[in-house]
Amino acid sequence: MDLILVNRNLRLKDNAALFYGSLSQNYRVIYLYDKCYWNSNGRSKVQFGFFLESLEELDASLKKLNSSVEVFEGNFSELRKYIDENYPQSKIHVNHTTDTSYFRNNFSDFKKHFDRNERILIYSDFGVQTGDVNRDKWAFEWNKLMKKNLLDIPKPNIKSSHIGLTTVLEFKNKFKSDKKTTFQSGGSSKAYELLNSFLMDRSHGYSRNMSSPIEAETSCSRLSPHISFGTISIREIYQKLEAFYPFSNNKSDLNSFRKRLYWHCHFIQKLETEPELEYCSMHRMCDNLREKENKELIEKWITGQTGYPFMDACIKYLRENGWINFRMRAMIMSFASYNLWQPWQLTSPLLAELFVDYEPGIHIPQVQMQSGVTGINLPRIYSVTKQSRDQDADGIWIKKIIPSLEGLDPDEIHDANLNGSYIPRIVDHKESSKFARDKIWAARKGQEFKTIARSVYLKHGSRKRRSA
Ligand SMILES: Cc1cc2nc3c(=O)[nH]c(=O)nc-3n(C[C@H](O)[C@H](O)[C@H](O)COP(=O)(O)OP(=O)(O)OC[C@H]3O[C@@H](n4cnc5c(N)ncnc54)[C@H](O)[C@@H]3O)c2cc1C
């Protein structure tokens, strides 16, 4: 019998572990539920709700193939013992996942154990490359991978049987549904709906609208949690995009979207290549920049009490929806790292916990980029007051989210100049930006900084020119 482990690849189609593991037509599908994983760096209930819905849909689809998902509750070491005792001959099929240290270290021991007698087969996922990666050829390899034929759905099991683990229904019943309805729903069917509506209709104006938290809600694809939990493969998205492209009137929008599919894997590759990035700045000299933390400031930032209405509205919107657009994520992070001058290692997981789409390989390098610690990207300090004016000139969106501001003058709202009508500002925006700019540019000056930055570029830098 073959054993297939599913993790964050919760789809039937173009799923290598499921496809190859099913060829014997005598296989079982296991999900390892490790409580500690769901409490590790950046993980939260916000993501768990989406995950559970996606697992349920996969289970329902597998039932039509005489199969199902069974849940093993424990950790990788307990799963290893269970497999050794009960399935000493079975091959184990699993898709590679780039994740944070808790998962990576435990999976690595599991893999080593089964590697010894060649029982574990690990399939690559996304366009992320493992082993020795040549950044100069990376884009070429990515394109090649995206053009390969999609894998078919798994073969049916010949006989339906269970190995006696927890069923998905039993598992689901253990969790009271505390998922908020405003968060996105999981499952492959939802991913296809989003992709179709985006290609056919919503992508019109995507490149322009993506910067606005108001427009982006419908103009962006909103596929991110589906890509993170693998309810659809990046390759399938890419191929559907290519098939639709010649007929589209929004070609420049779709070109921007295609670029982002590439960035997805390009970013994850950074964490895959250098797992230490979870805790260390890409440019190690930047780790000494922000040594002292201020828990009170961090708490006010992450709960939307900075005294800057636009900033607070963005955080409240994110808390309500589990998602916000790229520009606002960058501004939120920039505020914590530059204006509040807090270490990104502490703020990064708090922000990640709010995202339904948390993808460590994107989140951590993006956090570092918006904190000016990569050494290879020019530091950008977002002006909250400018973004407030640019994105919500009349303050309508802000007032909808913070009704106590109703009736106040938009200019005063943008400048956070509200004299007692709103909570006080926790920092002066102009002064703190100047402080941060001086610090960051002073750190970048010396030859040693430049030499290290060069080696960061060789390891992680994109060989493509970036444009919107
Ligand atoms: C501080 C910060 C943290 C972030 N954390 C995450 C995260 O945890 N998970 C996540 O998926 N994205 C993250 N992003 C990137 C980006 O904000 C989201 O991918 C995007 O907003 C998701 O919405 P969408 O699916 O509608 O995107 P679309 O604009 O429709 O893009 C399609 C897909 O392309 C990929 N993508 C888009 N933008 C980027 C980018 N800049 N870098 C890498 N891949 C990209 C995503 O997979 C996305 O789903 C982060 C950005 C910042 C600045």
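Here the structure is a predicted model, which is why all the values come from computation and not from measurement.

Rules of the game
- Residues numbered from 1 in each chain as written.
- Predicted model: local features only at pLDDT ≥ 70, side-chain atom pairs only at ≥ 80, totals over all residues.
- Helix = DSSP H or I, 4+ residues; strand = E, 2+ residues; numbered from the N terminus.
- Rg over C-alpha atoms; globule rule 2.2 N^0.38 Å.
- Buried ≥ 20, exposed ≤ 12 C-beta atoms within 10 Å, placed from the backbone.
- Contact = placed C-beta atoms within 7 Å.
- Pairing = 2+ DSSP bridges.
- Axes fitted to C-alpha atoms, helices over the stretch in contact; angles between N-to-C directions.
- Core = buried A, V, L, I, M, F, W, Y, C linked by C-beta atoms within 7 Å.
- Domains from an automatic or database assignment.
- Nonpolar A, V, L, I, M, F, W, Y, C, P; charged D, E, K, R; others polar.
- Parallel < 35°, antiparallel > 145°, perpendicular 65-115°, else oblique.
- Left-handed = near helix turned anticlockwise from the far one by under 90°.
- Arc of directions from axis to C-beta.
- Near = placed C-beta within 6 Å.
- Right-handed = clockwise from strand over helix to strand, strands pointing away.

### Some points on the overall build of the protein chain
Along its length, the protein chain carries 23 helices and six strands. Taking 468 residues into account, the globule formula puts the C-alpha radius of gyration at 23 Å, and the protein chain, at 23 Å, falls close to it. Taken over the C-alpha atoms alone, the protein chain extends approximately 70 × 50 × 45 Å along its principal axes. A total of 468 residues make up the protein chain; the buried ones form 43% of that total. For the protein chain, contacts bridging at least 24 residues in sequence account for 82% of all contacts bridging at least 6.

### Some details on the environment of Asp-152
As for its position among the elements, Asp-152 is in the loop between α6 (135–147) and β6 (166–167). Note: C-alpha distance between Asp-152 and Pro-343 (191 residues apart in sequence) is 45 Å.

### Concerning the sheet that holds β6
Here six strands make up an open sheet; going across it, the order is β5-β4-β1-β2-β3-β6 and the pairing mixed. Pairing within the sheet leaves two strands with one partner each, and these edge strands are β5 (120–123) and β6. Sheet topology note: the strand β2 (residues 27–33)/strand β3 (residues 69–73) ladder contains five bridges and is parallel. Residue pairing in the sheet places Tyr-31 in a bridge with Val-71 of β3. Those strands touched by helix α3 (residues 45–63) are β2 and β3, and its axis lies near 135° from that of β3.

### Structural notes on the nonpolar core
Core analysis: the biggest nonpolar cluster contains 101 residues, and Leu-5, Cys-314, Ile-332 and Phe-335 have the highest contact counts within it. Once you skip the residues sitting within four places of it in the chain, Leu-5 turns out to touch Ala-17, Ile-30, Leu-32, Ile-92 and Val-94.

### A few points about the domain arrangement of the protein chain
How big an interface is tends to be stated in terms of accessible area lost as the parts join. Assigned domains of the protein chain: these are domain 1 (2–125), domain 2 (188–272) and domain 3 (277–460). Once you take the C-alpha centre of each, domain 2 and domain 3 turn out to be 25 Å apart. Residue-level contacts link 16 residues of domain 2 with 22 residues of domain 3. Among the secondary structure elements, those contributing two or more residues to the side of domain 2 that touches domain 3 are α10 (213–219), α11 (224–228) and α13 (251–273). Of all the elements, α13 adds the most residues to the side of domain 2 that touches domain 3, at six residues. Across the side of domain 2 that touches domain 3, the residue classes break down as nine nonpolar, five polar and two charged.

### Considerations on the packing of helix α4 (residues 76–86) against helix α5 (residues 101–115)
At a closest axis distance of 9 Å, the pairing of α4 and α5 adopts a crossing angle of 20°. Judged on the interaxial angle alone, α5 and α4 are roughly parallel. Once α4 is placed against α5, the crossing between them reads as right-handed. Across the interface between the two elements, Phe-76, Ser-77 and Arg-80 from α4 touch Asn-106, Phe-107, Asp-109, Phe-110 and His-113 from α5. Its residues assigned to classes, the contact of α4 with α5 comprises three nonpolar, three polar and two charged.

### Observations regarding unusual backbone geometry
Comment: phi is negative for the bulk of residues other than glycine, and the bulk of peptide bonds are trans. Look at Ala-416: it is not a glycine, yet its phi comes out positive at around 55°. Relative to the helices and strands, Ala-416 is located in the loop between α21 (410–414) and α22 (429–444). Of note, the phi angle at Asn-419 is positive, near 35°, even though the residue is not glycine. Relative to the helices and strands, Asn-419 is located in the loop between α21 and α22. Under the C-beta neighbour-count criterion, Asn-419 is labelled exposed, with 7 such atoms within 10 Å.

### Some words on helix α12 (residues 234–244)
The set of residues buried in α12 consists of Ile-234, Ile-237, Tyr-238 and Leu-241. Looking straight down α12, one finds that the buried residues subtend no more than 100° of arc, so they occupy a single side. Against the buried residues of α12 lie α6, α8 (188–202), α11 and α13.

### What about the site of the ligand?
Around the ligand, a shell composed of 27 residues is seen, among which Cys-220, Ser-221, Ser-224, Arg-260 and His-363 lie nearest. Going through the elements one at a time, α11, α13, α16 (326–339) and α18 (360–369) are the ones with two or more residues in the shell around the ligand. The element contributing the most residues to the shell around the ligand is α13, with five residues. Built from parts of two domains, the shell around the ligand gets at least three residues from each of domain 2 (188–272) and domain 3 (277–460).

### Looking at the environment of Asp-415
Within the secondary structure, Asp-415 sits in the loop between α21 and α22. C-alpha separation for the pair Asp-415 and Ser-388, spaced 27 residues apart in sequence, amounts to 8.4 Å.

### Some words on the pairing of β5
As paired strands, strand β4 (residues 92–95) and β5 are joined by four bridges and run parallel to one another. Across the sheet, His-93 pairs through a bridge with Leu-121, a residue of β5. Following the backbone out of β4, through α5 and into the adjacent parallel β5, one traces a crossover that is right-handed.

### Remarks on the packing of α13 against α18
Working note: a packed helix pair is described by the angle between its axes plus the distance between those axes. Between α13 and α18, whose axes approach to 7 Å, the crossing angle comes to 85°. One element, α13, and the other, α18, form an angle in the roughly perpendicular class. Of α18, the residues touching α13 (which contributes His-264, Phe-267, Ile-268, Lys-270, Leu-271 and Glu-272) are Pro-360, Gly-361, Ile-362, Ile-364, Pro-365 and Gln-366. Looking at the contact of α13 with α18 residue by residue, the classes come out as seven nonpolar, three polar and two charged.

### Points about α4
Turning to α4, its buried residues are Phe-76, Leu-79 and Ile-83. Along α4, the residues classed as buried sweep out an arc of 60° about the axis, all on the same side. Counted as exposed and oriented over 90 degrees from the buried face of α4: Ser-77, Lys-81, Asp-84 and Glu-85. Each element contacted by the buried residues of α4 is listed here: β1 (2–6), β2, β3, β4 and α5.

### Comments concerning the environment of Asn-86
Summarising the element assignment, Asn-86 is placed in helix α4. Here Asn-86 falls in the exposed class, since 12 other C-beta atoms lie within 10 Å of it. Residues Asn-86 and Ile-158 lie 72 residues apart in sequence; the distance between their C-alpha atoms is 20 Å.

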